[in-house]
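# Per-entry structural report
What follows is each chain in one-letter form.
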Amino acid sequence: MSFRIDIVSLLPEIIKSPFDSSILMRAQKKGLVKVHFHDLREYGEGKHRQVDDYAFGGGAGMVMLAGPIFKCINELKSQRDYDAVIYTTPDGQKFTQKLANKLSLRENLIILCGHYKGIDQRVRESLITHEISIGDYVLSGGELAAAVISDALIRLIPGVLNDGSSALTDSFQDNLLSHPIYTRPSNFEGMKVPDVLLSGDSKKIEIWKAEQALKITKAKRPDLLEG
Ligand code: 6GU
C-alpha cells in the first residue's frame, strides 16, 4: 500500500519544512509516504500568472480564482485516482483523531490550502470532498493546517512509528488523555517518580496508568468522557 499527499498552495515554502525532519522525514525516506508540493502560481492566468481577484458583490479581501485550482487539481487527477480532495478552511468540519484515523486509511489525498478571503465557491462545490478546520480560531492561511493534518495522518501509517503500538495508545485514541510519564533519574532534586512505576509489577503498573488516565481526563477534559 502506498500513501501519497499532494499539497496545493500559493505559499508552498511555508509548509515544506515540517516534512524535512524527524518522523515525517523518516516516513518519506522509508518510502511509506510521498509528499508533493504544487505551487498554484505556476497555474496562474495570463502574463502575470494571476491567482486571485476581487469578490463579486464587494467585500474585503481577494478571492482565489477557480481557474488555476481546477487546472492544477485536474492535472493531478488525470495522473492517478484520488480518494479525497481536502480544503483547509476555518468554516470546515472540525479535525479530530477520529477523522485522522479515517483519512489515514486512504491512499492518495490532495490538500488545497485556503488563503486570503477564500476560494471561488465553484471550487468547493465541484472539486472538494472534505472541508476541514483544525480548530475554532483563524489562521492567516491554510498551510499550517495542512501540515497539522498531514502530520496526524502520516504518523498513523503502519511502520512510520518505531513502536507499532504507540500510535494506538496516544491521548485521544480511546477518548482518554495520557497518564503521566517519567524517565531517569527516579529522584530529581527531591521530586520522586511514583513508587509503583519502579516496582516491576506490570499488572499494578497497568492499573495505575489506567487510573491516572481516567483521573486526568476527568480533571482536564470531562467532555471526552461524555460520549
Ligand atoms: Cl484549516 N484555515 C485557516 N485559515 N484558519 C483556520 C483553519 C484553517 N483551521 C482553524 N483555523
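Rules used throughout
- Residues numbered from 1 in each chain as written.
- Predicted model: local features only at pLDDT ≥ 70, side-chain atom pairs only at ≥ 80, totals over all residues.
- Heavy atoms only, no water.
- Phe/Tyr/Trp six-rings, centres within 6.5 Å; stacked < 30°, edge-to-face > 60°.
- Helix = DSSP H or I, 4+ residues; strand = E, 2+ residues; numbered from the N terminus.
- Buried < 20%, exposed > 50% of the residue type's maximum accessible area, 1.4 Å probe, protein only.
- Core = buried A, V, L, I, M, F, W, Y, C linked by side-chain atoms within 4.5 Å.
- Contact = heavy atoms within 4.5 Å.
- Domains from an automatic or database assignment.
- Polar contact = N/O pair within 3.5 Å; in protein donor to acceptor, adjacent residues only side chain to side chain.
- Pairing = 2+ DSSP bridges.
- Axes fitted to C-alpha atoms, helices over the stretch in contact; angles between N-to-C directions.

Attention now moves to the packing of aromatic side chains. Tallied over the entire structure, the rule returns one aromatic pair. Between Phe19 and Phe37 the ring centres are 5.5 Å apart and the planes differ by 70°, which places this aromatic pair in the edge-to-face class. Remark: Phe37 occurs in strand E2 (residues 34–39) and Phe19 occurs in the loop between helix H1 (12–16) and helix H2 (22–29); sequence separation between them is 18 residues. Using a relative accessible area of 24% as the deciding quantity, one classes Phe37 as partly exposed.

Turning to the nonpolar core, a few remarks are in order. Counting residues in hydrophobic clusters, the biggest one holds 30 residues, and the most contacted among them are Phe95, Leu103, Leu153 and Ile154. With six residues, helix H6 (residues 143–154) is the largest single contributor of residues to this core. Those residues within four positions of Leu103 in sequence are excluded, and the remaining contacts are Phe3, Ala84, Ile86, Phe95, Leu109, His130, Ile132 and Leu153. If you look at the next biggest cluster of nonpolar residues, it comprises 20 residues, including Ile73, Leu76, Tyr87 and Ile110.

Turning to the domain arrangement of the protein, a few remarks are in order. Taken domain by domain, the protein comprises domain 1 (3–154) and domain 2 (171–225). Look at where the C-alpha atoms of domain 1 and domain 2 centre, and you get two points 37 Å apart.

Attention now moves to the side chain of His38. Within the secondary structure layout, His38 lies in strand E2. For His38, a relative accessible area of 15% puts it in the buried group. One polar contact links His38 to Asp6, side chain to side chain, over a distance of 2.7 Å. Non-local contacts of His38, meaning those with residues more than four positions away in its chain, are made with Asp6, Ile7, Val8, Ser9, Cys72 and Leu76.

Another aspect to go through is the sheet that holds strand E5 (residues 84–94). Strand order across the open sheet formed by five strands is E2-E1-E6-E5-E8, with parallel pairing between neighbours. The open sheet terminates on both sides in strands that have one partner only, identified here as E2 and strand E8 (130–133). Neighbour-to-neighbour, the strand axes of this sheet turn through a mean angle of 30°, independent of strand direction. In terms of strand pairing, strand E1 (residues 4–9) meets strand E6 (residues 108–113) through five bridges, oriented parallel.

All right, on to the sheet that holds strand E4 (residues 62–64) then. Judged by pairing direction, the sheet is mixed, and its three strands sit side by side in the order E3-E4-E7 without closing on themselves. Sheet topology places strand E3 (52–54) and strand E7 (118–119) at the edges, where each strand pairs with a single neighbour.

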